[in-house]
Amino acid sequence: MRNRILAIAAIAGAIGAPVATQAQSDTVGIARGGSSVIVNEDAGGIDVDQRPAFREYIVRERVPNYTVPDRVIVGGVLPETGVTIYDVPQSYGVTPYRYTVVNGQTVLVEPRSRRIVQVVE
């Protein structure tokens, strides 16, 4: 009987964990393979109040728009070649990420893995 209760509790915890994690996150995306990728925008992304100025900066700097065949989503990975990533100016906060424009969307990218961590809207 005790094993049955523990098994039910384990299943309920496994089912409820993604929902609880999603409720605590600012940005959620689905990566290839259907797994959830959770990114907390407080972890070095562009703050909501800075996004309009950051978009203006991108236009002013004439950052090229790169085209990739995949959808632009948090958790997606940019190709190693054909897409240049740029340093985020310090005026938008110190961040470990870089940015680029892909398929018409400005994204923050983790430089080593080239994984998209934020789509700046």
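Details of the structure are given in the entry above.
Predicted, not measured: the structure shown is a model, and the values here were computed from it.

Asker: Give a description of the environment of Pro111 that names residues and reports values.
Answerer: Note that Pro111 resides in the loop between strand E6 (105–110) and strand E7 (115–120). As a C-alpha pair, Pro111 and Asp87 span 24 residues in sequence and 9.6 Å in three-dimensional space. Setting aside residues up to four positions removed in sequence, Pro111 forms contacts with Ile85, Pro96, Tyr97 and Arg98.

Asker: Please set out unusual backbone geometry residue by residue, giving values where relevant.
Answerer: Glycine aside, the phi torsion of most residues is negative, and most peptide linkages are trans. In the Ramachandran plot, Arg62 falls in the positive-phi region, its phi being about 55° despite a non-glycine side chain. On the secondary structure map, Arg62 appears in the loop between helix H2 (51–61) and strand E3 (65–66). In this structure, Arg114 is a non-glycine residue whose phi angle is positive, near 65°. Secondary-structure assignment places Arg114 in the loop between E6 and E7.

Quick notes on the rules
Residues numbered from 1 in each chain as written. Predicted model: local features only at pLDDT ≥ 70, side-chain atom pairs only at ≥ 80, totals over all residues. Heavy atoms only, no water. Helix = DSSP H or I, 4+ residues; strand = E, 2+ residues; numbered from the N terminus. Contact = heavy atoms within 4.5 Å.

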